Amino acid sequence: VMAGGIGAYWSARQLDKVDKKSSDSQTLNLIEKRKTGATLTLLTIDEARALQKSGKAVFLDARPDREYQYAHIPNAIMAYYMEAKSNPQVLTLDRNQTVVAYCNSPKCPMAEVLATKLNEIGFTRIYVFPGGMKEWIGAKMPIQASEVLQ
């Protein structure tokens, strides 16, 4: 349940302060509520996997293309956070579709920046999986690779 959108960019330092135990099945107010007073809805690994498995959400990988090509969550769309507002694959999505942004790990702010940009262009059901690829792979979840890098 997304509470309105995202109103601020979050630094890696602020994300490090999140207690992993407190992220289970709840909406976390990570930082100062700036412009919109919005909250950021974080997903646990189990919640992210359930959404991915159900097909009820589109996963957006906020990392650069090279990292996406190396490995990503199955069926995720490469939506590099710096190009999200001009990415045709992002722009053609239904703004009411549930989307899950992720990047490398809780220390990586790209997913939160992507979520902010998605909110700015009208997306309304935005979630962030802060564990990113590090937690996904660590939990032995399935991955998809577009190419093998040498």
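Structural notes, computed from the coordinates. Predicted, not measured: the structure shown is a model, and the values here were computed from it. (Residues numbered from 1 in each chain as written. Predicted model: local features only at pLDDT ≥ 70, side-chain atom pairs only at ≥ 80, totals over all residues. Heavy atoms only, no water.)

**Describing the pattern of salt bridges**
Here's step 1: Counting across every chain of the model gives 2 salt bridges.
Here's step 2: For Arg63, the salt bridge identified is with Asp61, shortest N-O distance 2.7 Å. Like Arg63, the residue Asp61 is buried in the burial classification.
Here's step 3: Of the charged contacts in the structure, one is a salt bridge between Lys85 and Glu120, with a shortest N-O distance of 2.6 Å. In this pair, Lys85 is assigned in the loop between strand 2 (77–78) and helix 4 (88–91) and Glu120 in helix 5 (residues 110–120), connecting sequence segments 35 residues apart.
Here's step 4: In this structure Glu120 comes out as partly exposed when scored by relative accessible area, which is 45%. (Salt bridge = Lys/Arg side-chain N within 4 Å of Asp/Glu carboxyl O. Buried < 20%, exposed > 50% of the residue type's maximum accessible area, 1.4 Å probe, protein only. Helix = DSSP H or I, 4+ residues; strand = E, 2+ residues; numbered from the N terminus.)

**Observations concerning the pairing of strand 3 (residues 98–102)**
Regular strands have side chains that alternate between both faces of the sheet.
Here's step 1: Counting buried positions over the 5 residues of strand 3 gives 5, a clear majority of the element.
Here's step 2: The side-chain alternation of strand 3 yields two buried faces, one formed by Thr98, Val100 and Tyr102 and the other by Val99 and Ala101.
Here's step 3: Both strand 1 (residues 58–61) and strand 3 contribute to a ladder of 4 bridges, which runs parallel. Note that in strand 3 the partner of Phe59 across the bridge is Val100.
Here's step 4: As for the winding sense of the linkage, the β-α-β connection from strand 3 through helix 5 to strand 4 (residues 125–129) is right-handed. (Pairing = 2+ DSSP bridges. Right-handed = clockwise from strand over helix to strand, strands pointing away.)

In short, geometric facts, not functional conclusions.
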